Amino acid sequence: EIYQCDWSSDVCSSDLRSYDLRHVQGVFSKNCNPRDLLIGKNRRQNRLQTNTMNKSAIPKLKGLILAGGRSDRMGRDKGLIDWHGKPQREYLADLLESLGLETYISCRPDQAKDLPGRKLIVDVIPDQGPLGALHAAFSADTEAAWLVVACDMPLVDKEAVDFLLKNRNPAAVATAFRAPAFDDVSPDPLFAIWEPGIFSLIKKRLDTGQRSTQKTLIAAGVQVIEARQPERLANVNTPEELHSLER
């Protein structure tokens with residue numbers, strides 16, 4: 001199998017799993033456009049809807065900076081690291097705002113006092129990771145789609161965000177880059193567009209203790225796109241990774 005995840009029953013059936021893998025094996029060959037790839041049980045239906053969706057029905061897109069993690073491996077708040085002349089969480093919020101997105105910083109309740117003047121979405125369910133942050137965002141606006149960026153991605157720039165925006169598939173429940181850390185077509189859930197149709201699945205998975213954002217995307221049906229510069233998707237989670245990137 002080429003997916004590095006647990007193909008549990010809520011992700012897809014065995015016959016669909018074999019169908020997906022059979023057609024994904026050669027997806028990045030020179031004659032194939034990876035932006036046409038949809039992963040998950042709703043893949044074929046989403047592809048059919050892509051060309052028929054009324055533009056007026058496309059959900060409004062907002063920005064969400066994921067900055068509520070406890071940064072245990074880093075040993076300090078990753079959202080406060082200064083990569084671009086200001087704390088990273090604020091740099092990313094300003095970047096998305098400059099592209100016309102109403103943007104919020106996702107944070108824990110105890111972080112809110114340190115973000116005066118910023119639009120915030122505070123975790124509703126504590127300690128549920130990024131999926132909990134998305135739950136809070138969709139709870140705040142059930143009709144919006146959310147472009148999420150994790151604060152531990154210091155190389156994300158305007159070009160990368162523009163590329164994601166231009167390749168958004170609102171007929172799918174999400175559009176995500178292929179995660180460069182994997183050798184397969186696993187989606188990167190933390191720099192992606194999540195459409196409002198996925199909210200019910202987020203609630204269901206949190207209710208059953210399933211917090212994986214990546215498995216949630218695969219279960220729902222995600223449009224996977226290939227980044228022009230995959231290195232821009234690098235995560236920095238430890239002091240060693242930070243020092244390596246600084247060099």
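Check the entry above for the structure.
My aim in this report is to walk through the structure given alongside it, one point at a time. (Residues numbered from 1 in each chain as written. Predicted model: local features only at pLDDT ≥ 70, side-chain atom pairs only at ≥ 80, totals over all residues. Heavy atoms only, no water.)

Now for the overall build of the protein. A tally of regular secondary structure across the protein gives eight helices and eight strands. Long-range contacts, defined as pairs at least 24 residues apart, comprise 71% of the intrachain contacts of the protein with a sequence gap of at least 6. For the protein, the accessible surface area stands at approximately 11,800 Å², while carbon and sulfur atoms represent 48% of it. (Helix = DSSP H or I, 4+ residues; strand = E, 2+ residues; numbered from the N terminus. Contact = heavy atoms within 4.5 Å. Areas by Shrake-Rupley, 256 points an atom, 1.4 Å probe, with all protein chains shown as cover.)

The final tally for this structure, using the stated rule, is 12 salt bridges. Between Lys-78 and Asp-152 there is a salt bridge, and its shortest N-O distance comes to 3.1 Å. With Lys-78 in the loop between strand S2 (61–66) and helix H3 (88–98) and Asp-152 in the loop between strand S5 (145–150) and helix H5 (158–166), this pair connects stretches of sequence that are 74 residues apart. For the pair Lys-78 and Asp-152, a shared accessibility class is recorded, and that class is buried. The residue Arg-118 makes a salt bridge to Glu-90 at a minimum N-O spacing of 3.6 Å. You can see Arg-118 sitting in the loop between strand S3 (103–107) and strand S4 (120–122) and its partner Glu-90 sitting in helix H3, a full 28 residues away along the chain. Arg-118 gets classed as partly exposed once you look at its relative accessible area, which sits at 26%. Shared partners join several salt bridges into a network, and the residues in it are Lys-86, Glu-90, Asp-94 and Arg-118. (Salt bridge = Lys/Arg side-chain N within 4 Å of Asp/Glu carboxyl O. Buried < 20%, exposed > 50% of the residue type's maximum accessible area, 1.4 Å probe, protein only.)

Once that is clear, we can look at the nonpolar core. Ranked by internal contacts, the top residues of the largest apolar core, which has 58 residues, are Leu-64, Trp-146, Leu-147, Phe-191, Trp-194 and Ile-198. With residues up to four places along the chain from it excluded, the contact list for Trp-146 reads Leu-61, Lys-62, Gly-63, Leu-64, Tyr-104, Ile-121, Ala-137, Phe-138, Asp-141, Ala-192, Ile-193 and Trp-194. (Core = buried A, V, L, I, M, F, W, Y, C linked by side-chain atoms within 4.5 Å.)

For the structure on display, the rule yields one cavity of 30 Å³ or more. Looking at the largest cavity, its volume works out to about 100 Å³. When residues of the lining of the largest cavity are assigned to their parent elements, the largest contribution, three residues, is made by H5. Of the residues that constitute the lining of the largest cavity, the class distribution is five nonpolar, one polar and four charged. (1 Å grid on protein atoms, 1.4 Å probe; cavity = no way out; pocket = protein on both sides within 12 Å on 5 of 7 lines; lining within 4 Å. Points joined across faces, edges and corners; volume = space filled by probe spheres on them. Nonpolar A, V, L, I, M, F, W, Y, C, P; charged D, E, K, R; others polar.)

The subject of this paragraph is the environment of Lys-86. Locating Lys-86 in the fold gives a position in the loop between S2 and H3. Lys-86 sits in the partly exposed class, given a relative accessible area of 31%. If near-sequence neighbours (up to four positions away) are discounted, Lys-86 is found in contact with Ile-81, Tyr-91 and Asp-94. Within the structure, the side chain of Lys-86 is placed 2.7 Å from the side chain of Asp-94, a separation counted as a polar contact. (Polar contact = N/O pair within 3.5 Å; in protein donor to acceptor, adjacent residues only side chain to side chain.)

In this section: the pairing of strand S7 (residues 187–194). Every regular strand shows the same layout, with side chains that alternate between the two sheet faces. Burial within S7 is extensive, with eight of its eight residues counted as buried. Inspection of the sheet shows S5 paired to S7 by four bridges, in the antiparallel sense. Within the sheet, the bridge partner assigned to Val-148 lies in S7 and is Ala-192. Pairing of strand S6 (residues 174–178) with S7 involves four bridges; the strand directions are antiparallel. Counterpart to Thr-175 in the pairing with S7 is Ile-193. (Pairing = 2+ DSSP bridges.)

So, about the environment of Met-153. Inspection of the secondary structure puts Met-153 in the loop between S5 and H5. As for Met-153 and Leu-190, which are separated by 37 residues in sequence, their C-alpha atoms are 9.1 Å apart. What Met-153 contacts, discounting residues up to four positions off in sequence, is Gln-88, Asp-188, Leu-190, Phe-191, Leu-233, Ala-234 and Asn-235.

All buried positions along H5 are accounted for by Ala-160, Val-161, Asp-162, Phe-163 and Leu-164. Check the buried side of H5 and you find it contacts H3, S5, S6, S7 and strand S8 (222–225).

Time to look at the packing of helix H6 (residues 199–207) against helix H7 (residues 213–220). Direction vectors running N to C along H6 and H7 enclose 130°, while the axes themselves pass 11 Å from each other. Accordingly, the angle class assigned to the pair H6 and H7 is oblique. Judged by the sense of rotation from one axis to the other, the crossing of H6 with H7 is right-handed. Facing Leu-201, Ile-202 and Arg-205 of H6, the residues of H7 in contact are Lys-215, Thr-216, Ala-219 and Ala-220. Its residues assigned to classes, the contact of H6 with H7 shows four nonpolar, one polar and two charged. (Axes fitted to C-alpha atoms, helices over the stretch in contact; angles between N-to-C directions. Parallel < 35°, antiparallel > 145°, perpendicular 65-115°, else oblique. Left-handed = near helix turned anticlockwise from the far one by under 90°.)

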